[in-house]
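Examination of the molecular architecture
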Amino acid sequence: MLVRSLNGYVQNLAKEHGKKIEFQHSDFDPERIPLEYTTVVRDALIQLIRNSVFHGLESVEERTKSR
């Protein structure tokens, strides 16, 4: 459930900001997160994803223009 909701969040951000984003999570096992930490981990991951999209990933137009 956590990975699915994060993937949906990533896809919504990608569409909203005109960026191509592939959410890779093959090494992430949400079952290893203790239940009492799930919300904290989810919130931290959302912030990291948001920062990556806003500050670390250029749009397709910016990437094409820089070539």
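Our subject is the structure that appears above.
Right, let's walk through the structure included here. (Residues numbered from 1 in each chain as written. Predicted model: local features only at pLDDT ≥ 70, side-chain atom pairs only at ≥ 80, totals over all residues. Heavy atoms only, no water.)

1. Some thoughts on helix α2 (residues 38-56)
Note: α-helices contain 3.6 residues per turn, so residues at a spacing of three or four share the same orientation. Quick reminder of the rule: Secondary structure elements are defined from DSSP: runs of H or I of at least 4 residues count as helices, runs of E of at least 2 residues count as strands, and each element is numbered from the N terminus. Expected helix span is given by 1.5 Å per residue-to-residue step, counting one fewer step than there are residues. Exposed residues in this analysis have more than 50% of their type's maximum accessible area, buried residues have under 20%, and partly exposed residues fall in between, with area computed by a 1.4 Å probe over protein chains only. Directions pointing from the helix axis toward each C-beta atom define the arc.
Given a rise of 1.5 Å per residue, 19 residues ought to cover 27 Å, and the 25 Å separating the end C-alpha atoms of α2 matches this to within 8%. Regarding α2, the residues found buried are Ile46, Ile49 and Val53. In a view along the axis of α2, the buried residues occupy a sector of 65°, so they form one face of it. Residues of α2 that are exposed and point more than 90 degrees away from the buried face comprise Val40, Leu48, His55 and Gly56.

2. Examining the packing of helix α1 (residues 2-17) against α2
Stated precisely, the cut-off is as follows: To obtain each axis, a line is fitted to C-alpha atoms, and for helices this fit is confined to the stretch in contact; angles are then taken between N-to-C directions over 0 to 180 degrees. Just so you know how the angles are binned, under 35 degrees is roughly parallel, over 145 roughly antiparallel, 65 to 115 roughly perpendicular, and the rest oblique. Throughout, a crossing is termed right-handed when the near helix is turned clockwise from the far one, and left-handed when it is turned anticlockwise from it by less than a right angle. Here a residue-residue contact requires only that any non-hydrogen atoms of the pair lie within 4.5 Å. By the convention adopted, Pro, Cys, Tyr, Trp, Phe, Met, Ile, Leu, Val and Ala count as nonpolar, Lys, Arg, Asp and Glu as charged, and the other residues, Gly among them, as polar.
In the contact formed by α1 and α2, the axes pass within 11 Å of each other and the chain directions differ by 25°. The angle between α1 and α2 falls in the class roughly parallel. The crossing of α1 and α2 is right-handed. Taken together, the residues of α2 that come into contact with α1 (itself represented by Leu2, Leu6, Tyr9, Val10, Leu13 and His17) are Arg42, Leu45, Ile46, Ile49, Arg50, Val53 and Phe54. Considering only residue class, the contact of α1 with α2 consists of 10 nonpolar, 1 polar and 2 charged.

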